Amino acid sequence: MQNNNFHRMAWGAVALMTVMLPACQSPAPSGEATADSTTVKLITLDPGHFHAALVQKTSNADIDSVVHVYAPAGPELEAHLALIKQYNERAENPTHWQEEVYTGADYLEKMIADKKGNVVVLAGNNQQKTMYIKKAVDAGLNVLGDKPMAINAANFGLLEQAFADAAAKKVLLYDIMTERSEITNTLQKELAHLPAVFGEQQTGTDKEPGVVIESVHYFYKFVSGKALTRPTWFFDPAQQGEAIADVGTHLIDLVQWACFPEVVLDYKKDIDVKSARTWPTSVTLSQFTAVTKKDSFPDFLRSYVVKDSILQTHANGEVKYTLKGIHVKMIARWDYKAAEGGDTHYSLLRGSLANLEIRQGAEEKYQPTLYVNPVKNDTAFEKSLQQAIDDLQSRYAGVTKEKTAKGWKIVIPQSFKTGHEAHFGEVMQRYLQYLKAGQLPAWEVPGMLAKYYTATKALEIAAKK
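This is a predicted model, so every value here is computed, not measured. (Residues numbered from 1 in each chain as written. Predicted model: local features only at pLDDT ≥ 70, side-chain atom pairs only at ≥ 80, totals over all residues. Heavy atoms only, no water.)

Novice: Is there a simple way to explain the packing of helix α4 (residues 126-138) against helix α5 (residues 153-169) in this structure?
Specialist: For any two helices packed against each other, one specifies the inter-axial angle together with the distance between the axes. Packing of α4 against α5 brings their axes to within 9 Å, and their N-to-C directions diverge by 20°. With respect to α5, the axis of α4 lies roughly parallel. Crossing hand, α4 versus α5: left-handed. Contacts between α4 and α5 involve N126, T130, M131, I133, K134, V137 and D138 on the former and, on the latter, N155, L158, L159, Q161, A162, D165, A166 and K169. Here the contact of α4 with α5 is built from residues that sort into seven nonpolar, four polar and four charged. (Axes fitted to C-alpha atoms, helices over the stretch in contact; angles between N-to-C directions. Helix = DSSP H or I, 4+ residues; strand = E, 2+ residues; numbered from the N terminus. Parallel < 35°, antiparallel > 145°, perpendicular 65-115°, else oblique. Left-handed = near helix turned anticlockwise from the far one by under 90°. Contact = heavy atoms within 4.5 Å. Nonpolar A, V, L, I, M, F, W, Y, C, P; charged D, E, K, R; others polar.)

Pasting the structure below:
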């Protein structure tokens with residue numbers, strides 16, 4: 001029976017069919033595993049952000065090639081399907097996804113009623129994301145959600161309940177923390193837990209924190225080789241969220257993951273948000289048009305527009321807090337377009353024997369680079385660092401050190417620099433392992449709660465200024 005809200009996307013054969021065919025009529029392409037009771041079957045819900053497609057950039061034998069998409073019709077869905085099409089049609093290692101799409105106004109209710117898969121992928125408008133999470137969990141579905149999973153205090157309360165419900169229903173709710181897969185972050189964490197190199201983590205002070213972490217992102221950027229078109233709501237703090245609650249969650253996560261790996265955190269006891277502030281980035285109408293392909297500001301952004309043509313978008317934030325007594329300073333910023341390079345990352349962990357610093361500026365040719373700057377740079381320290389590098393060879397073969405004016409640069413083989421887009425596949429692989437085990441590591445859910453508490457509490461404090 002025909003249903004005009006259903007579409008099957010199977011590029012390379014037929015571009016569009018308005019009749020949904022049973023999955024059994026579409027055998028898995030050669031080399032791909034057919035679905036069985038252990039196969040992950042993806043459901044993509046309302047994909048408004050390109051991260052939803054990046055989860056599917058590479059094929060995985062544990063994931064069914066048929067993906068069910070439930071979303072309102074429009075440019076965001078079209079952009080998502082275009083990226084999947086690009087991955088299917090590329091010359092090298094093409095994917096073989098078949099997207100079965102439902103675009104009725106009741107797409108959320110239809111997804112829950114159909115239960116065509118067992119893992120819901122969420123990456124889109126953050127105003128609705130926490131509600132989507134709760135509905136999916138209540139339906140007994142696993143959820144892999146892009147950050148952020150909560151952008152305000154009310155969302156945090158709903159998210160906390162969703163985690164409790166997920167535990168009761170024995171489904172896994174997990175967020176996509178790609179930055180844990182970036183090799184300089186990984187090696188910084190490794191060295192931070194070698195007493196002979198790092199010593200002890202310094203608690204620091206408000207003026208000189210023990211941990212400083214900052215990222216700069218850009219509205220104009222390229223994804224999978226093409227200029228990205230952002231939805232207009234991306235510039236609305238009520239829909240995308242403030243920078244603190246958006247990309248700031250990556251930074252907060254890295255601090256927890258690096259300083260207290262596999263430690264079960266209690267956000268009610270371990271975190272004290274001291275101060276927070278936000279400030280805007282000015283975006284001209286011409287810049288807005290270049291990024292969104294829209295020639296005017298929508299009504300929901302009008303209150304942020306000055307001089308009729310400059311959008312004061314909510315794009316920057318700073319938080320000072322303590323995590324188990326360690327002073328942390330976190331800054332998340334957005335600018336329009338990078339003069340050179342792209343998004344940048346900075347991270348400093350202060351140790352009693354050495355500081356571990358990641359820089360990504362002009363000197364580093366805009367590539368993240370890890371430095372080890374000892375408090376006392378003598379032959380004894382060099383020997384300890386070399387021993388640490390030797391010990392790392394079994395997992396990170398080819399890593400070496402290079403002398404600098406302040407200490408040492410860690411030289412990392414190119415093979416470990418897989419890139420941001422590849423990190424989504426790496427997160428998916430970790431999540432698949434958790435699904436097979438039937439549970440997340442004990443520290444992950446408390447860590448997610450601690451992260452979203454920190455971000456949303458900071459926003460409450462910033463709003464009072």
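Novice: It is not clear to me how the environment of I331 should be interpreted in this structure. Could you clarify?
Specialist: Among the structural elements, I331 can be located in strand β15 (residues 326-335). Given a relative accessible area of 11%, I331 falls into the buried group. C-alpha separation for the pair I331 and S215, spaced 116 residues apart in sequence, amounts to 6.6 Å. The residues contacting I331, other than those within four sequence positions of it, are I213, E214, S215, L251, W279, G317 and E318. (Buried < 20%, exposed > 50% of the residue type's maximum accessible area, 1.4 Å probe, protein only.)

Novice: I would appreciate a short explanation of the packing of aromatic side chains in the present structure.
Specialist: Two measures describe an aromatic ring pair: the distance that separates the ring centres and the angle between the ring planes. Counted under the stated rule, the structure contains 17 aromatic pairs. Taking the centre distance of 6.1 Å and the plane angle of 55° together, the rings of Y220 and Y336 count as tilted. Taken together, the residues span a long stretch of sequence, with Y220 in the loop between β9 (211-218) and β10 (222-223) and Y336 in the loop between β15 and β16 (344-350) at a distance of 116 residues. On the accessibility criterion, Y336 (17% relative accessible area) is buried. Ring centres of F288 and F297 lie 4.8 Å apart, and the angle between their planes is 55°; this geometry places the pair in the tilted category. Like F288, the residue F297 is buried in the burial classification. Members of the aromatic cluster, joined through ring pairs, are F219, F234, F235, F288, F297 and W334. Stacked on the ring of W279, the Lys or Arg R277 has its end atom at 4.2 Å from the ring centre. Here the basic side chain of K403 rests over the ring of W408, its NZ or CZ set 5.1 Å away from the ring centre. (Phe/Tyr/Trp six-rings, centres within 6.5 Å; stacked < 30°, edge-to-face > 60°. Lys NZ or Arg CZ within 6 Å of the ring centre and 35° of its normal.)

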